Amino acid sequence: MKILSDYTLDELYDLLAKYKKFRAKQIFDAIIQAKDYDEIALPKNMIDELKSEYILQPIKIYKTLISKDGTKKYLLKLYDDNLIECVFLKQNYGNTICMSTQVGCRMGCKFCASTQNGLIRNLSAGEMLSTISIVNSDNGKCTDRNFTNIVLMGSGEPFDNYDNVIKWLNLITDKNGFHLSERNISLSTCGLVDKIYKFAELKYNITLCVSLHATDDETRRKIMPIANRFKIKEIIEALKYYLNKNNRRVVFEYCLIKDTNDSYENAKELSNLTKGMNCHVNVICLNVNGGTLKATTKKEAYAFVKKLNDLGVSATLRRSQGSDIEGACGMLRAKTLKENKS
Ligand code: SAH
C-alpha cells in the first residue's frame, strides 16, 4: 500500500489527473486536517479506487499521557502496527511539537531509550507529515495550525533518513498546507559529518542542532558509538563550513552525565571547541532510564552553565518538561513495548 501523504500537492495533481482537478487539493487538505476517507465528500467510485491502493491516514493515536505541566506525550500507531512517539509542549511563546523521524534508531547512544531495540525502519515523509496533522488536530481545530515550532528531536536520527526528512521539510513548509516557517524548525543530529556538508548546500533556514555530549573523542566514544566514525574535530569543521554557507547560528546539545562530561575542565574545553562560532549550547540534565549512567545534579548543572557563560559561551540549561510522563526520547515506547511483550 502507498501513502497519500507522501505526495506533494503537485504530485497529487499528477496522480489524480483522471479525476476533477479540485480533488487533489481536497485530498491534500484531508491529509493536513487528519481526516480519513469517510470524513471527506468524494464520489464513491473514487473512494473505492483510492482505498484499494492508497492509505489516507497512516497514523492513529494509540495512547496519550498528559503531564502536570501540560506537556502531552503521544504514542502513535502506524498502519503496520509499529509505534512511534511525539510530544506536544505548551510554552509561553507558542506550542512546540517534538517528533520522531524513525521507528527506533541505530545510533546506539548509551543514555537514549530510542535506540534500545535498534532501528526498525525509516518513517516516510508522509508519515512524518501525518504525525504533525494528527497531533495538530488533537490540540485545537483541525483547520488551524495549533503549533508554532517543530523540533526533530524525537526517536531516530534525522540524517540517517536524509531524503525523507528533506521531502518532509518541503511538505511542512508548503504554503498550501501548514505553511510553517523554516525558522521555526530545529533538526537535531548526533553529528553525521557527511550529511552536515550535504545539508549545508541546501541552505534551509532551519536551526541545526548537534548532540555533542563530550569534549574529547575518547569520552564521546564511550557514550556515542557514532564517535567511532567521526571525530569531534571533524564535526566542528563541518559546522564551520555550514555556518559559512548559512547565516543561522547552530546549537550544541550537551547532556550532563555525572563524572563523565560535567567537570569544570569540560566546560573549559567546550568553550575552546566553540570559540569563534555563531552558536549556542543547550545544556540538558540526563533523564535517567535504567543503565549505569547517572545524572548531574540541578545545582551542578547551573554551575556548569555559569562557567560556560563566564567563559563567554552562550549557554542555557534546558527546562525539562514532562519528566513525569516518560518525557525523554523513546522512553514511553520502550516501556510500552516491554509491557506488551510480558
Ligand atoms: N538522533 C538525534 C535526535 C534525537 S535525540 C540526535 O542525536 O540529536 C534528541 C536529543 O535528546 C539529543 O540531544 C539526545 O542526545 C537527547 N537525549 C536522548 N536521551 C536522553 C536522555 N535520557 N536524557 C537527556 N537527553 C537525552
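Just so it is clear, the model here is predicted, and its values are computed rather than measured.

What counts and what doesn't
- Per-chain numbering applies: the sequence of each chain, read as written, is numbered from 1 onward.
- Per-residue local features are limited, in this predicted model, to residues with pLDDT of at least 70; the limit for side-chain atom pairs, both in listing and counting, is 80 or more; totals at the level of whole chains, interfaces and linings are taken over all residues.
- Just so you know, side-chain values use all the structure's heavy atoms and leave hydrogens and water out.
- Residues enter a nonpolar core if they are buried and are Ala, Val, Leu, Ile, Met, Phe, Trp, Tyr or Cys, with the set joined through side-chain atoms within 4.5 Å.
- The buried label applies to any residue whose accessible area, calculated with a 1.4 Å probe on protein chains only, is under 20% of its type's maximum; exposed applies above 50%, and partly exposed to all values in between.
- For the purposes of this description, domain bounds are those given by an automatic or database domain assignment.
- Strands were regarded as paired on the criterion that DSSP finds at least two bridges between them.
- Each helix corresponds to a stretch of at least 4 residues labelled H or I by DSSP, and each strand to a stretch of at least 2 residues labelled E; elements are numbered beginning at the N terminus.
- A fitted line through C-alpha atoms represents every axis, and for helices the fit uses only the stretch in contact; the resulting angles, taken between N-to-C directions, go from 0 to 180 degrees.
- Here is the rule for angles: anything less than 35 degrees is roughly parallel, anything more than 145 is roughly antiparallel, 65 through 115 is roughly perpendicular, and the remaining ranges are oblique.
- By convention the crossing between two helices is left-handed if the near helix lies anticlockwise of the far one by an angle smaller than a right angle, and right-handed if it lies clockwise.
- For this analysis, residues touch if any pair of their heavy atoms sits within 4.5 Å.
- Classification convention: Asp, Glu, Lys, Arg as charged; Ala, Val, Leu, Ile, Met, Phe, Trp, Tyr, Cys, Pro as nonpolar; all other residues, Gly among them, as polar.
- Geometry of aromatic contacts follows a simple scheme: Phe, Tyr and Trp rings, the Trp one being its six-membered ring, pair when their centres are within 6.5 Å, and the pair is stacked under 30 degrees between planes, edge-to-face over 60, tilted otherwise.
- The rule for a residue being near a molecule or strand is that one of its heavy atoms must lie within 4 Å of it.
- Definition of a polar contact: a pair of N or O atoms within 3.5 Å, with one able to donate and the other able to accept a hydrogen when the atoms are protein atoms, and with sequence-neighbouring residues admitted only if both atoms are side-chain atoms.
- Each accessible area value is a Shrake-Rupley result obtained with a 1.4 Å probe; residue values ignore everything except the protein chains displayed when judging cover.

Caption draft 1: Layout of the nonpolar core. Grouped together as the largest cluster of nonpolar side chains are 100 residues, with contacts concentrated most on Ile27, Trp168 and Phe252. Counting contributing residues per domain, this core is built from domain 1 (1-55) and domain 2 (58-341), each supplying no fewer than three. Residues Cys98, Val151, Cys209 and Val251 belong to the second largest nonpolar core, which totals seven residues.

Caption draft 2: Expanded view of the sheet that holds strand β14 (residues 315-317). Strand order in the open sheet formed by 10 strands is β3-β4-β5-β6-β9-β10-β11-β12-β13-β14, and the pairing between neighbours is mixed. The open sheet has two edge strands, β3 (59-66) and β14, and neither has a second partner. Neighbouring strand axes in the sheet, compared pairwise and without regard to direction, differ in orientation by 20° on average.

Caption draft 3: Layout of the packing of helix α4 (residues 125-137) against helix α5 (residues 162-173). Running from N to C, α4 and α5 cross one another at 45°; their axes reach a closest spacing of 8 Å. When the axes of α4 and α5 are compared, the pair comes out oblique. Like other packed secondary-structure pairs, α4 and α5 cross with a definite hand, here right-handed. On the side of α4, the interface is formed by Ala125, Met128, Leu129 and Ile132, while α5 contributes Asn164, Val165, Lys167, Trp168, Leu171 and Ile172. For the contact of α4 with α5, the residue count by class is eight nonpolar, one polar and one charged.

Caption draft 4: Geometry of the packing of aromatic side chains. With the rule as written, the count across this model stands at eight aromatic pairs. When the ring of Phe159 is compared with that of Phe199, the centres are 5.4 Å apart and the planes differ by 55°; the resulting orientation is tilted. Of this pair, Phe159 sits in the loop between β9 (149-152) and α5 while Phe199 sits in helix α6 (residues 193-200); the two residues are 40 residues apart in sequence, bridging distant segments of the chain. For the residue pair Phe159 and Phe199, the accessibility class agrees, reading buried in each case.

Caption draft 5: Highlighting the site of the ligand. In the vicinity of the ligand lie 19 residues, with Phe111, Ser188, Ser211, His213 and Asn287 positioned nearest. In the environment of the ligand, a nitrogen atom lies 3.0 Å from a nitrogen or oxygen atom belonging to the backbone of Gly156. One of the backbone nitrogen or oxygen atoms of Asn287 is found 2.8 Å away from a nitrogen atom of the ligand. Here the ligand has 530 Å² of accessible area as a free molecule, and 94% of this is covered by the chains. Residue composition of the shell around the ligand, grouped by class: nine nonpolar, eight polar and two charged.

Caption draft 6: Spotlight on helix α11 (residues 331-341). Of all the residues in α11, the buried ones are Met331, Leu332, Arg333, Ala334 and Thr336. For α11, the elements touching its buried residues are β3, β4 (72-78), β5 (83-91), β7 (102-104) and β8 (119-122).

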